[in-house]
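A structural walkthrough
Each chain is listed here by its residues.
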Amino acid sequence: MPSLKLSERSPERDRRGAEPLLIVRGLTVRFPVGRAGFWGNRRLFVHAVDDVSFEIFRGETLGLVGETGSGKTTTGRAILRRVPIAAGTITFKGNDITHVDGDNLRHLRRDMQLVFQDPYASLNPRMKVLDLVGEPLVVHGVVRRIREARDRVRELLELVGLPADAVDRYPHAFSGGQRQRIGIARALALEPDFIVCDEPVSALDVSIRAQVVNLLQNLQDRLGLTYLFIAHDLSVVRHISHRIAVMYAGKVVEIADRDEIYENPKHPYTQALLSAVPIPDPALQRTRRRQILRGEIPNPVDPPPGCRFHTRCPIAEDRCRTDPPPLEPKRPEHLAACWLT
Amino acid sequence: MSLPSPHEVEEAQREEVLTSGRPYEVLRALRGSLRELVRDKAGLFGVLVVLALVFVAIFAPWLAPHDPSRQSLSDRLVPPFWESGGSFTHVLGTDNLGRDVLSRIIYGARVSLLVGLSVVLLAGVEGTTLGLISGYRGGRVDAWIMGAVDTQVAFPGLLLALVILSVVSPSATSIIIVLALNGWMVYARMARGVVLSVKEMPYVEAAEIVGCRPRRVVARHILPNLASPLLTLAILEFARIVLAEAALSFLGRGIQPPQVSWGLMVAEGRAYIFRAWWLVTFPGAAIAITVLGINLLASWLRVAADPQEREKRFAATARTGSVA
Amino acid sequence: MSGEVTPAWKHLLEVEHLEVRFFTRRGEAQAVRDVSFTIDRGETLGLVGESGSGKSVTSLAVLGLIQLPGKITGGDVRWKGRSLLGQGGERYARSIRGKELAVVFQDPMTSLNPLFPIGTQIGEVLRYHMGMSKSQARTRTLELLDLVGISNPAQRIHQYPHEFSGGMRQRMLIAMALACEPELLIADEPTTALDVTIQAQILELLAELQERLEVAVLLISHDLGVVAQVCHRIAVMYAGKIVESGPAEEVFPRPGHPYTMGLMRSTPRLDLIQARLVGIDGAPPDLVRPPAGCPFHPRCPLAVEECLEEMPPLEAHGGGREVACWRAFTEAVGAEPGAGSTRG
């Protein structure tokens, strides 16, 4: 694989003191949804992402976990500059990319790619694998014609564990897991440093999920990739993430090293999320102390004051209903936004 | 999550072959469709009518027994051959100037086909382009284009055509231009609708994230989705245009003598309707059968393009065994 | 059920040698092949499998909702000893469906009519099936909504489906399904479209209702965790066949079929430290041309010559367990596939 750069650095992260690959500071995304008031003079917004900050170091995977309406997908899209950013900055490789546009934005695509959730809808059914995986090379002028991309596409397919003769076939000839591999090959075509994985395995069958997760891990080891891995529960992220951030109603509520999150969750929402994942062992499942949250995620147009989780929190106090808790260190390298831990 | 069932996969395969496959694959895919067409009588009728129209229009000089504009005062108002006084020289009789009705119908097919095809092509290209821009760009451009569509749709099209054609001199060319200016809106609306739904597809987002410029996104990823609905719409529009041309010619603001058109023939025969019924009946029937055939073709195509519908038909006719 | 007269039938629901085929132009897809199981009163059976395993088709067949191009081509489905198939059977099926036999589907939005308030829709069911008056139906509707944990039901019955969240809608559907006090509730992936914390709520509700109302449940799911939480017995399906069945307490800790073992290993566990996930190589077979012998053999780490030639029958292994495998209960040795190079 001579044309693919192999990682010179070990996949073991030595991030202390190192410059992060991506820094997100105070990211806020709002979508207008209409107007209210008698004269329509009050504009309404969905507060999708509100003052979110984190960083991702080279070669590491940050798991971003949250349920519907938590803002996890919007955060991923904001980093890829696909949604308008209301406030905050995104710094990638030391450059502020919050407002790049035009050709600079197109150029940024060489360094930042996306793996989609839906392996069926994310591949154009009318294009052959060659055109799908080779398209990035054509549009960025790496090759002039798609025919010249052929060898490179075969390399990429082999890299993701597909037979090289897949180049001339259409996506429908492949199973869900294989299609997801095609999507990964497309994301890798431009040799990006950073890939946003937007729930890449949640649409796949259980027995296939492991294959794709393991592939992503192997690729990270070989190519030194950095991932933002978005997921809707805490089960799969455990196996791929180095650090995990938990989002609720547009806010990051907790962020820490992987094992720390699982062994020592500080935020009551993280604790509930952990206990909500059912364990396939009836004896254990029945004896396990489970915390079941009442209620639902709040309306993002009109989020509750104070801590956004207080409406469902089993331990909320008066203070939580008025003052939003800051995301602050609870232990070394472990931030949580809760007044009560 | 739902995996596509095997037959959906099969369908997708066929559709792709039809839109982008190698020649022999296209033939193989078409053969399957033909086998089903033979079973669908209405669809078969539609296809045959349209094929006949095209055939007649192309080979008119060889098929027509007489020169359509040659007058013969001695042979005026000869009835069709089966009526008394009729003969096989003029199978469908002659008109008040002694011109052969069959030959005129055959040449009239040329006008219908020419006007229909040209208008569909011009209006289709114009409407689709504007619809694509409108849907993909959105915002102010969208508002402008759709405003124009709404304004023009609100105005009766045939009336507008009549007004314009009473100012400029009517001819085949001017009819084509006027009807095309009148008919682009449906294409624009349809194209915009498809773009709006396809634009949200993850594979379009994938193309944008990979770094495709807007023009490539539209041409490679959005436009192909238009092929099937556009074809059905164009065929229906074709039928409408055939009627519109006939109506304009009938009203005297369309095709002008000595050129031949079915609508013109009906208009000219109107005065003799009680003495020579064949002057109105045969061109009228030609219009009716053509329009009916085109509509049947369109409705067959719609079913043929719907995999679920086809699969259901297949299952209903196949030997499905019995409950044990 | 102590103190009751023993009924003339043995099992509430009996499915025997059920066979469902889909007639496609590519050929006949054998969606369900020789599937047999029973459900007794108050029992919860979990039907587990991945997409294309035939689990949902099986439930549709029980409900009599298989439509062309699909067709039941063999076997029998009996409700309280009477067949639901054939001419008389279909009439019988219509009379019990929605009443004795209720269903909750995956997507609550498609099962609710968007044009009517929720109270009207539940009331309709009560008035149609139970012959209640308007005011009786209203009282019962309020009871039902309360039962499924909807607060403030008197207000809620005037709201429309779109005004509810996904979890709430699923509760509505469960309330609607329970309206006629069914004896069997078929739940087809009832929590798949929901968030984990909402899923936990719904599963808790199902388990609670099941205990309180003594309703039997057929739970269809791809998620082993979900099934483990609710079910007494489980049946694992693969490529249209039941490959393993037995009491949940036995099957989960000690799976007998290599597919069940693989499924267990592929499921990420929060309670265990696993360095890497172990998946199952390959992909499920094409149902139009299923492999000869055991359908799992192309993906099976334990496959031997015999598996390629002959389909293993579902054999009893004691303790109510049945496994369809020539090498049942053989632990895979060194089954550590090189995940990166495998094809998914």
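Our structure's up above, just so we're on the same page.
Notes on the structure follow. Nothing here was measured: the structure is a model prediction, and the numbers come from that model. (Residues numbered from 1 in each chain as written. Chains lettered and ligands numbered in written order. Predicted model: local features only at pLDDT ≥ 70, side-chain atom pairs only at ≥ 80, totals over all residues. Heavy atoms only, no water.)

**A short note on the overall build of chain A**
Scanning chain A from terminus to terminus reveals 11 helices and 12 strands. A compact globule built from 341 residues would reach a C-alpha radius of gyration of about 20 Å, and chain A, at 21 Å, matches this within 12%. Principal axes of the C-alpha set define a box for chain A whose edges measure 65 × 60 × 40 Å. A burial count over chain A gives 61% of its 341 residues as buried. Taking as baseline every contact in chain A between residues at least 6 positions apart, the subset at least 24 positions apart corresponds to 65%. Approximately 13400 Å² of chain A is accessible, and the part contributed by carbon and sulfur atoms is 48%. Computing the positive centroid from 49 side-chain charges and the negative centroid from 42, chain A places the two 4 Å apart. (Helix = DSSP H or I, 4+ residues; strand = E, 2+ residues; numbered from the N terminus. Rg over C-alpha atoms; globule rule 2.2 N^0.38 Å. Buried < 20%, exposed > 50% of the residue type's maximum accessible area, 1.4 Å probe, protein only. Contact = heavy atoms within 4.5 Å. Areas by Shrake-Rupley, 256 points an atom, 1.4 Å probe, with all protein chains shown as cover. Lys, Arg positive; Asp, Glu negative; His and termini not counted. Charge placed at Lys NZ, Arg CZ, Asp CG, Glu CD.)

**A look at the pattern of salt bridges**
Enumeration over the complete set of coordinates arrives at 43 salt bridges over all chains. A salt bridge links A:Glu55 to A:Arg25, with the shortest nitrogen-to-oxygen separation between them at 2.8 Å. Separated by 30 residues along the polypeptide, A:Glu55 in strand 2 (residues 42–56) and A:Arg25 in strand 1 (residues 22–36) bring together distant segments of the chain. Of the charged contacts in the structure, one is a salt bridge between C:Arg78 and C:Glu16, with a shortest N-O distance of 3.1 Å. You can see C:Arg78 sitting in strand 4 (residues 70–79) and its partner C:Glu16 sitting in strand 1 (residues 13–24), a full 62 residues away along the chain. C:Arg78 gets classed as buried once you look at its relative accessible area, which sits at 17%. Several salt bridges converge on common partners, so that one network encompasses A:Arg77, A:Arg82, A:Asp198, B:Glu205 and B:Glu208. (Salt bridge = Lys/Arg side-chain N within 4 Å of Asp/Glu carboxyl O.)

**Some remarks on helix 8 (residues 196–213) of chain C**
Residue and element names in this part refer to chain C. If you check helix 8, its first and last C-alpha atoms are 25 Å apart, about what 18 residues at 1.5 Å a residue would give, namely 26 Å. Within helix 8, burial applies to Val 196, Thr 197, Ile 198, Gln 199, Ala 200, Gln 201, Ile 202, Leu 203, Leu 205, Leu 206, Leu 209 and Gln 210. Following helix 8 by one or two positions, Glu 214 adopts a phi angle in the positive range, close to 55°. (Expected span 1.5 Å × (residues − 1).)

**Observations concerning the packing of helix 3 (residues 41–58) of chain B against helix 5 (residues 101–137) of chain B**
Residue and element names in this part refer to chain B. Taken N-terminus to C-terminus, the directions of helix 3 and helix 5 make an angle of 110°; their axes are 8 Å apart at the nearest point. What the angle tells us is that helix 3 and helix 5 run roughly perpendicular. Across the interface between the two elements, Leu 53, Val 54, Val 56, Ala 57 and Ile 58 from helix 3 touch Ile 106, Ala 109, Arg 110 and Leu 113 from helix 5. The residue makeup of the contact of helix 3 with helix 5, split by class, is 8 nonpolar, no polar and 1 charged. (Axes fitted to C-alpha atoms, helices over the stretch in contact; angles between N-to-C directions. Parallel < 35°, antiparallel > 145°, perpendicular 65-115°, else oblique. Nonpolar A, V, L, I, M, F, W, Y, C, P; charged D, E, K, R; others polar.)

**Considering the interface of chain C and chain A**
Counting residues at the interface gives 51 residues for chain C and 50 residues for chain A. Between chain C and chain A, roughly 4400 Å² of surface is buried when both sides are summed, and carbon and sulfur atoms account for 53% of that area. Scanning the region where chain C abuts chain A turns up 1 salt bridge. Across the pair C:Glu204 and A:Arg294 runs a salt bridge, and its minimum N-O distance is 3.5 Å. At the junction of chain C and chain A, the tally comes to 14 residue pairs in polar contact (both at pLDDT 80 or more). Mapped by element, the contributors of at least two residues to the side of chain C that touches chain A are helix 7 (166–178), helix 8, helix 9 (224–230), helix 10 (248–251) and helix 11 (258–266) of chain C. Along the lines of polarity and charge, the residues of the side of chain C that touches chain A split into 23 nonpolar, 18 polar and 10 charged. (Buried area = accessible area lost by both parts, 1.4 Å probe. Polar contact = N/O pair within 3.5 Å; in protein donor to acceptor, adjacent residues only side chain to side chain.)

**Side note on the interface of chain B and chain A**
Listed per partner, the contact involves 27 residues of chain B and 31 residues of chain A. Both faces combined, the contact of chain B with chain A buries some 2700 Å², and carbon together with sulfur accounts for 53% of it. Measuring nitrogen to oxygen at the nearest pair gives 3.3 Å for the salt bridge that ties A:Arg82 to B:Glu205. For the interface between chain B and chain A, the tally reads 12 residue pairs in polar contact (both at pLDDT 80 or more). At the level of secondary structure, the elements contributing two or more residues to the side of chain B that touches chain A comprise helix 1 (6–20), helix 9 (202–210) and helix 10 (214–222) of chain B. By residue number, the principal contributor to the side of chain B that touches chain A is helix 9 of chain B, which donates 8 residues. When the residues that make up the side of chain B that touches chain A are grouped by side-chain class, the tally is 13 nonpolar, 6 polar and 8 charged.

**Here we look at the side chain of A:Asn124**
Inspection of the secondary structure puts A:Asn124 in the loop between strand 6 (112–115) and helix 3 (129–139). With relative accessibility at 2%, the residue A:Asn124 sits in the buried group. A polar contact is formed between the side chain of A:Asn124 and the side chain of B:His221, at a distance of 3.1 Å. In contact with A:Asn124, not counting residues within four places along its chain, are A:Leu132, A:Pro171, B:Tyr203, B:Arg220 and B:His221.

**A closer look at helix 2 (residues 86–96) of chain C**
Owing to its 3.6 residues per turn, the α-helix aligns residues three or four sequence positions apart on the same side. All names here are of chain C. All of the buried residues along helix 2 are Gly 89, Tyr 92, Ala 93 and Ile 96. All buried residues of helix 2 fall inside an arc of 105° around its axis, so they share one side. Projecting away from the buried face of helix 2 at angles above 90 degrees are the exposed residues Gln 87, Arg 91 and Arg 94. Those residues of helix 2 that are buried are in contact with strand 4, strand 5 (82–83) and strand 6 (101–104). (Arc of directions from axis to C-beta.)

**Looking at the sheet that holds strand 6 of chain C**
All names here are of chain C. An order of 6-7-8-3-9-10-12-11 is seen for the 8 strands of this open sheet, with the pairing classed as mixed. Every interior strand has two partners, whereas the edge strands, strand 6 and strand 11 (315–316), have only one. Those strands touched by helix 7 are strand 6 and strand 7 (184–188), and its axis lies near 175° from that of strand 6. (Pairing = 2+ DSSP bridges.)

**As for the state of the cysteines**
By the definition in use, this model includes 0 disulfides over all chains. Summary of cysteine pairing: A:Cys338 is not part of a disulfide, and the nearest cysteine sulfur, belonging to A:Cys320, is at 6.1 Å. Relative accessible area serves as the criterion here: at 7%, A:Cys338 is assigned to the buried category. With no disulfide of its own, C:Cys300 lies closest to C:Cys325 among cysteine sulfurs, the gap being 6.0 Å. (Disulfide = S-S within 2.5 Å.)

**Focus: the sheet that holds strand 1 of chain A**
Across a sheet, strands are paired by hydrogen bonds formed along the backbone, either parallel or antiparallel in direction. Residues and elements named next belong to chain A. Strand order across the open sheet formed by 4 strands is 2-1-4-5, with antiparallel pairing between neighbours. The open sheet has two free edges, formed respectively by strand 2 and strand 5 (95–96), since each of these has just one partner strand. Note that strand 1 and strand 4 (residues 87–92) share 5 bridges and pair antiparallel. Within strand 4, the position partnered with Arg 25 by the bridge is Thr 89. Most of the contacts of helix 1 (residues 72–79) go to strand 1, to which it runs at about 115°, and overall it touches strand 1, strand 2 and strand 4.

Interpretation in functional terms is not warranted from these geometric data alone.
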